Amino acid sequence: MTRQEIESEVKKIFLREFEVENPEMDLDLREAYAFDSIDAIELLLGIEKFLGSELTQEEKKQAMDIRTINQICDYVEKLVATRKDAPGVN
Amino acid sequence: MSPIKIFQNASALFITLLIWVYFLIGSTVFFLFGHIPACLFSKNRASAFQNLNHINMGIFFALTRFLIPRTKFIIQKEVLQIHSSVIVCNHLSYLDPILLISFFKQNCTIVKSTFFRVPFFGWLLRNSFYMPSSVGEVQGQSMVENIENIKKHLAAGGNFFVFPEGTRSRDGRLAPFNKGAFSIARYCNAPLKLVYIKNTNKLFQPGTFLFKTHDNIEIELELIGTLTPDYVSDNFSISAVVDDVRNVFEQRIKR
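Okay, so let's go over this structure. If you're wondering where the values come from, they're calculated on a predicted model, not measured in any experiment.

In this section: the overall build of chain A. Scanning chain A from terminus to terminus reveals five helices and zero strands. Expected size for 90 residues packed as a compact globule is a radius of gyration near 12 Å; at 13 Å, chain A falls within 12% of this value. In chain A, buried positions account for 47% of the 90 residues. A sequence separation of at least 24 residues applies to 64% of the contacts in chain A between residues at least 6 apart. Entry remark: accessible area of chain A is about 5000 Å², with carbon and sulfur atoms responsible for 46%. Distance from the positive charge centre (12 side chains) to the negative charge centre (21 side chains) of chain A: 4 Å.

Rendered as structure tokens:
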């Protein structure tokens, strides 16, 4: 999955779950959209859905300090890489 | 003021004081001889705390029934049979959450954030796995832990009850719903049981100190709907679920 595809998926989640269209990549989500930890939980469910695998509790905790869309994309990129490197995953 | 009214007010004050004195003393006794030993020796602290809260509030309502016999409690057996669910309720009075705690041994709920800052009481709430109402009170990582705890609690047969209005209704109408509780239900993949609470505000009105001890009041808990949303569907929308739940409550209130 390329960075562009990840960005597009993350933006789709924002539109579907939070009705936010085309959010700016480096905007602080808490300040701009009053994004809170319950929203972060919704976001994680969306990420699990498009990755097609459950996140571990540790992975979820790592996501809770994220503040911008760019950071979300970095986070997802890391998750994708981890899953690719995991034994038995092509 | 007529002598009858004076007598009624005096007896209402006396009964109210008795009930709240039990609340304070009972909670202190439970804290010293229940919660502290459970904290030290119980393998499942949260479950032990929830059970102790359930017994304490059970006694509180037994005393209330005894002292205010004109108030009847009509609780549907379907309500008492609910398990492993997120129970969504309308909110009329401070009595609502403690009434639900008195009926469910394994109980978990969202509590006003300010109570978490009260010494001892805040500790008791946290260790019962209750959640503060303001998400700002919960640091992100603790939020994951809290919700994972609720997930396990539901899987073990417990209930998580919520008041999505967030505040007590002063006129019987529904306030706007907060969607946070529904996000938690989604995370836990839990069914929603909609329980309509009636007349707790007549027994203990918001903004007053005295229990209404001389009116004939029927407090009811009624299961008015069950929703099992397809949380993983591509078409799933949390706002649609919130609207569905709200509709069910509005239809019931109109009756």
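Next comes the rest of the description.
The next point concerns the nonpolar core. Grouped together as the largest cluster of nonpolar side chains are 100 residues, with contacts concentrated most on Phe14(A), Ile47(A), Ile72(A), Val76(A) and Leu192(B). Per-element tally for this core: the top contributor is helix α3 (residues 37–51) of chain A, with nine residues. Setting aside residues no more than four positions away along its own chain, Ile47(A) makes contact with Ile13(A), Ile72(A), Tyr75(A), Val76(A) and Leu79(A).

All names here are of chain B. Summed over the entire model, instances satisfying the criterion amount to 19 aromatic pairs over all chains. Cluster of aromatic residues (ring-pair linked, three or more members): Trp20, Phe23, Phe60, Phe61, Phe73, Phe204 and Phe211. Just above the ring of Tyr94 sits the side chain of Arg168; from NZ or CZ to the centre is 3.8 Å. Across from the ring centre of Phe177, 5.1 Å away, lies the NZ or CZ of Arg246, which sits over that ring.

All names here are of chain B. Structurally, the position occupied by Gly157 is in the loop between α6 (140–155) and β5 (159–162). Each C-alpha atom, one on Gly157 and one on Arg126, is 20 Å from the other, the two residues being 31 residues apart in sequence. When residues no more than four places from it in sequence are discounted, the contact partners of Gly157 are His83, Ser84 and Gln106.

Size of an interface, as often reported, equals the accessible area lost when the parts are brought together. Chain A puts 16 residues into the contact, and the matching count from chain B is 20 residues. Carbon and sulfur atoms supply 57% of the area that chain A and chain B bury against each other, a total of about 1700 Å² over both sides. If you look at where chain A meets chain B, you find six salt bridges. Between Lys61(A) and Glu145(B) there is a salt bridge, and its shortest N-O distance comes to 2.6 Å. Listed by contribution, the elements that provide at least two residues to the side of chain A that touches chain B are α1 (3–18), α3 and α4 (57–63) of chain A. Per element, the largest residue contribution to the side of chain A that touches chain B is seven residues, and it comes from α3(A). Of the residues assigned to the side of chain A that touches chain B, the class counts are four nonpolar, two polar and ten charged.

Criteria and cut-off values
Residues numbered from 1 in each chain as written. Chains lettered and ligands numbered in written order. Predicted model: local features only at pLDDT ≥ 70, side-chain atom pairs only at ≥ 80, totals over all residues. Heavy atoms only, no water. Helix = DSSP H or I, 4+ residues; strand = E, 2+ residues; numbered from the N terminus. Rg over C-alpha atoms; globule rule 2.2 N^0.38 Å. Buried < 20%, exposed > 50% of the residue type's maximum accessible area, 1.4 Å probe, protein only. Contact = heavy atoms within 4.5 Å. Areas by Shrake-Rupley, 256 points an atom, 1.4 Å probe, with all protein chains shown as cover. Lys, Arg positive; Asp, Glu negative; His and termini not counted. Charge placed at Lys NZ, Arg CZ, Asp CG, Glu CD. Core = buried A, V, L, I, M, F, W, Y, C linked by side-chain atoms within 4.5 Å. Phe/Tyr/Trp six-rings, centres within 6.5 Å; stacked < 30°, edge-to-face > 60°. Lys NZ or Arg CZ within 6 Å of the ring centre and 35° of its normal. Buried area = accessible area lost by both parts, 1.4 Å probe. Salt bridge = Lys/Arg side-chain N within 4 Å of Asp/Glu carboxyl O. Nonpolar A, V, L, I, M, F, W, Y, C, P; charged D, E, K, R; others polar.

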